Amino acid sequence: MTAEPNMTDVQERLNALSIELPVLGAPRYAYEATTRWGDLLYVSGQISRTASGKTLRGCLGDNATLADGVTAARTAALNLLARINDAVGLDHVQQILKLNAWAASSPAFVDQPSVIDGASQLLLDVLGDAGRHARTALPAHVLPQGALVELDATIAIRS
């Protein structure tokens with residue numbers, strides 16, 4: 001395991017990156033945004049919806065570019081960080097253990113890892129070494145609300 005970030009470090013990184021975490025509402029359907037089991041936090045799927053409520057939509061290899069995908073992945077990662085912050089506080093993140101990611105893609109588009117690097121890099125930028133994670137980056141025919149990217153994660157937290 002890596003060193004745990006403290007809130008001063010995390011807040012300083014957010015400030016240096018000019019990032020303000022979005023305020024997210026409760027899920028619209030019959031599930032929880034996060035669940036905690038011991039020192040593990042599970043974050044439900046977070047789509048590429050901006051703080052203003054606009055969903056970044058499209059299909060990579062069709063009507064969305066690699067750059068559009070990276071932006072969407074970063075947006076979904078901001079939502080993931082906001083969910084973690086709401087549940088336990090970012091200063092309690094010991095390690096992002098696993099990031100699962102889906103990118104809406106045409107059959108010919110095969111560069112999902114480059115798209116999802118947008119999310120991975122943001123987690124590293126904000127959390128430092130605690131943002132390092134195992135990852136799956138998969139294509140999807142369609143995602144909820146037409147989103148371009150969806151992420152979920154498993155996080156080790158300190159008590």
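Up top is the structure.
Here the structure is a predicted model, which means the values were calculated and not measured. In this convention, every chain numbers its residues from 1, walking through the sequence in written order. Owing to the predicted nature of the model, reporting of local features is limited to residues with pLDDT of at least 70; listing and counting of side-chain atom pairs is limited to 80 or more, with chain, interface and lining totals taken over all residues. The side-chain values count all of the structure's non-hydrogen atoms but skip hydrogen atoms and water molecules.

Draft legend 1. A look at the environment of Arg135. For the purposes of this entry, the term helix denotes a DSSP run of H or I that reaches at least four residues, the term strand denotes a run of E that reaches at least two, and both are numbered from the N terminus. Along the polypeptide, Arg135 turns up in strand 4 (residues 134-140). Each C-alpha atom of the pair Arg135 and Thr34 lies 19 Å from the other, and the pair is 101 residues apart in sequence. Residue contacts are defined here by distance: any two heavy atoms, one from each residue, within 4.5 Å place the two residues in contact. If we ignore the near neighbours within four places in the chain, the residues touching Arg135 are Lys98, Leu99, Pro113, Ile116, Asp117 and Ser120. Pairing of N or O atoms within 3.5 Å defines a polar contact, subject to two protein rules: one partner must be a possible hydrogen donor and the other a possible acceptor, and residues neighboring in sequence count only if both atoms are side-chain atoms. At 2.9 Å, the side chain of Arg135 and the side chain of Ser120 are in polar contact.

Draft legend 2. Summary view of the sheet that holds strand 1 (residues 34-37). Only strands joined by at least two bridges in the DSSP assignment are considered to pair. Pairing is mixed across the open sheet formed by 5 strands, whose spatial order is 1-2-5-3-4. Since the sheet does not close on itself, it has two edges, and those belong to strand 1 and strand 4, each with one partner. Averaged over all pairs of adjacent strands, the angle between their axes in this sheet comes to 15°, without regard to strand direction. By the bridge criterion, 7 bridges tie strand 3 (residues 93-104) to strand 4 in an arrangement that is parallel. When the bridges of strand 4 are listed, Ala104 appears paired with Ala140. Axis geometry follows a simple rule: fit a line to the C-alpha atoms, using only the stretch in contact for helices, then measure angles between N-to-C directions, giving values from 0 to 180 degrees. In this fold helix 2 (residues 66-87) packs onto strand 1, strand 2 (40-47), strand 3 and strand 5 (149-157), with an angle of close to 140° to the strand it touches most, strand 2. Against the sheet, helix 3 (residues 112-127) contacts strand 3, strand 4 and strand 5, and its axis sits at roughly 155° relative to strand 3.

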